[in-house]
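Fold and contact review
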Amino acid sequence: MSVVAKNRKAYHDYFIEEEFEAGLVLVGTEIKSIRQGHVQLKDAFISIVNGEAWIKGMHIGHYDQGNRFNHDETRERKLLLNRHEIEKLNKAQTLKGYTIVPLDVHLYRGRAKLKIALAKGKHLYDKRQVEKERSIKTKMEEIMIT
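Residues numbered from 1 in each chain as written. Predicted model: local features only at pLDDT ≥ 70, side-chain atom pairs only at ≥ 80, totals over all residues. Heavy atoms only, no water.

A few points about the nonpolar core
Of all hydrophobic cores here, the largest spans 28 residues; its most connected members are I55, M58, L79, L89, L114 and I116. Among the elements of the structure, strand 2 (14-24), helix 2 (28-36), strand 4 (45-49), strand 5 (52-56), helix 3 (83-95), strand 8 (99-108) and strand 9 (111-121) are those that each provide at least two residues to this core. Residue contacts for M58: discarding those within four places in its chain leaves L24, V39, Q40, L41, A44, E73, T74, R77 and V105. Residues A10, V101, L103 and A117 belong to the second largest nonpolar core, which totals five residues. (Core = buried A, V, L, I, M, F, W, Y, C linked by side-chain atoms within 4.5 Å. Buried < 20%, exposed > 50% of the residue type's maximum accessible area, 1.4 Å probe, protein only. Helix = DSSP H or I, 4+ residues; strand = E, 2+ residues; numbered from the N terminus. Contact = heavy atoms within 4.5 Å.)

Below is the structure:
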């Protein structure tokens, strides 16, 4: 499994509760572009419409040799999940106030997969606390090394 793109902002802005792996419905030039590493998850989000999961705002750059057959870079792409997974995500999103965020795009056996997660938003004081704990941990590691 090789990670192509990672959404670092998701780990900073959200508490990650539960992770899922979803397949992506892509066209030919999109998968070739993903293999070249032209993927960006910065503004991407997942919505559930009519019992189907869709990722919106994910940017996949044009394939260099794609000419007129190239794809639209920010089109909505369908996610391949089981029905019970989609129901679980939808229920958590509507009733419990969770957000569904993409975490990374990776290749598994030649196929593009998307790791998504149920997440709760962090407040500013939560972000400060995490940063404080991280800095204490690094200082402790520096002391242990010396």
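Don't stop here, the text continues.
Here we look at the pairing of strand 2
Two elements, strand 2 and strand 9, share nine bridges in a ladder whose sense is antiparallel. The residue of strand 9 that forms the bridge with E19 is A117. In this structure, strand 2 lies alongside strand 7 (residues 77-80), joined through two bridges in antiparallel fashion. Across the sheet, residue G23 finds its bridge partner in strand 7, namely L80. (Pairing = 2+ DSSP bridges.)

Some remarks on helix 3
For helix 3, spanning 13 residues, the distance from its first C-alpha to its last is 18 Å, which sits close to the expected 18 Å at 1.5 Å a residue. Along helix 3, the residues that are buried comprise E85, I86, L89 and A92. One side of helix 3 holds all its buried residues, which, seen down the axis, span an arc of 135°. Across from the buried face of helix 3, at angles greater than 90 degrees, the exposed residues are R83, H84, K91, T94 and L95. Those residues of helix 3 that are buried are in contact with strand 2, strand 4, strand 5, strand 8 and strand 9. Following helix 3 by one or two positions, G97 adopts a phi angle in the positive range, close to 80°. (Expected span 1.5 Å × (residues − 1). Arc of directions from axis to C-beta.)

Topic: the pattern of salt bridges
Tallying each qualifying case throughout the model produces nine salt bridges. E19 is paired through a salt bridge with K115; the nearest N and O atoms lie 3.9 Å apart. Here K115 lies in strand 9 and E19 lies in strand 2, a separation of 96 residues in the sequence. Measuring nitrogen to oxygen at the nearest pair gives 3.9 Å for the salt bridge that ties E76 to K56. In this pair, E76 is assigned in the loop between strand 6 (59-60) and strand 7 and K56 in strand 5, connecting sequence segments 20 residues apart. You can call E76 partly exposed: its relative accessible area is 43%. What emerges from the salt-bridge pattern is a single network uniting E30, R75 and R77. (Salt bridge = Lys/Arg side-chain N within 4 Å of Asp/Glu carboxyl O.)

Observations concerning the packing of aromatic side chains
Here the structure, examined in full by the defined rule, presents zero aromatic pairs. We note K120 situated over the ring of Y98; from NZ or CZ to the ring centre the distance is 4.8 Å. If you follow K122 out to its NZ or CZ, it ends over the ring of F15, 5.2 Å from the centre. (Phe/Tyr/Trp six-rings, centres within 6.5 Å; stacked < 30°, edge-to-face > 60°. Lys NZ or Arg CZ within 6 Å of the ring centre and 35° of its normal.)

Focus: unusual backbone geometry
Unusually for a residue other than glycine, N50 sits at a positive phi of about 55°. With respect to the element layout, N50 can be found in the loop between strand 4 and strand 5. N50 sits in the exposed class, given a relative accessible area of 76%. Positive phi, close to 55°, is recorded for R109, a residue that is not glycine. Relative to the elements of secondary structure, R109 occurs in the loop between strand 8 and strand 9.

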